Amino acid sequence: SPTNSGGRPEPPDSDGDDVDDEAILTFYRAAADRVDAALRPAMASRADARNNLRMLAKERQIMLEGHVENKLVMSMQEVRYEVMQMNLLIAEAELAAAEIEQDLAEARAFFEAEVEDDVEEIEARLDRDPGTGRLADAVQEAVAERRARFATARRDAVDASGAA
């Protein structure tokens, strides 16, 4: 299928009399797959950050339980220092995780906006003439899903930028 200057596949021709519902469905599925593939590395980073947070929280819990069991081994000052150091590590990990979330939300919004640009003409035509039949219904469902993904991506990007 033809590609645009950005290397993305062009949406099916929306100027002809007949709209090829199968080509539109294929294009929408491919667009969603492209966005998911582009975000896969960031999703892996997000999982790593969450695992790191869980590991640090578990370490802190083990450390605190150890202090309770061995109260006479360390002074309260030493215990407080260790707890403060662990809390600092957790705070740094939480900050890193929040930055990853923000980057991921902004990237998803960017890629979904690219898809929005790609489908603007075809969706305008579909809004004027949605067609009929099983495939036309599937196309309308794919359009609704794409619009919902775009709206969610925009909202998540705004939320993430406000939380950072």
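Position numbers for residues count from 1 along each chain, tracking the sequence in the order it is written. Only residues with pLDDT of at least 70 get local features here, since the model is predicted, and only at 80 or more are side-chain atom pairs given and counted; chain-wide, interface and lining totals rely on the full set of residues. No hydrogens and no water enter the side-chain calculation; it runs on all heavy atoms of the structure.

A. Quick look at the pattern of salt bridges. Salt bridges are identified by distance alone: a Lys or Arg side-chain nitrogen within 4 Å of an Asp or Glu carboxyl oxygen. Across all of its chains, the model carries seven salt bridges by this definition. With a closest N to O distance of 2.7 Å, Glu-101 and Arg-46 form a salt bridge. One end of the pair, Glu-101, is in helix H2 (residues 76-128); the other, Arg-46, is in helix H1 (residues 21-69), and 55 residues separate them in sequence. Of the charged contacts in the structure, one is a salt bridge between Glu-116 and Arg-146, with a shortest N-O distance of 2.5 Å. You can see Glu-116 sitting in helix H2 and its partner Arg-146 sitting in helix H3 (residues 134-163), a full 30 residues away along the chain. Exposure remark for Glu-116: the relative accessible area of 27% places this residue in the partly exposed category. Through salt bridges with shared partners, a single ionic network connects Glu-116, Glu-123, Asp-127, Arg-146 and Arg-147. Elements are defined by DSSP. Helices are runs of H or I of four residues or more, strands are runs of E of two residues or more, and each kind is numbered from the N terminus. Classification of residues uses two cut-offs on accessible area relative to the type maximum, computed with a 1.4 Å probe and protein chains only: under 20% is buried, over 50% is exposed, and between them is partly exposed.

B. Summary view of the environment of Ser-45. By the secondary structure assignment, Ser-45 is in helix H1. What makes Ser-45 partly exposed here is its relative accessible area of 33%. For the pair Ser-45 and Leu-104, spaced 59 residues apart in sequence, the C-alpha separation works out to 9.4 Å.

C. How the structure looks around the side chain of Arg-146. The class for Arg-146 is buried, based on a relative accessible area of 1%. In protein, a polar contact requires one atom able to donate a hydrogen and another able to accept it; more generally it is a pair of N or O atoms within 3.5 Å, and residues adjacent in sequence count only if both atoms are side-chain atoms. At 2.7 Å, the side chain of Arg-146 forms a polar contact with the side chain of Glu-123. Whether two residues are in contact is decided by their heavy atoms, any of which lying within 4.5 Å being enough. With residues near it in sequence (within four places) discarded, Arg-146 still touches Tyr-28, Val-115, Glu-116, Val-119 and Glu-123.

Nothing here speaks to function; it is geometry throughout.
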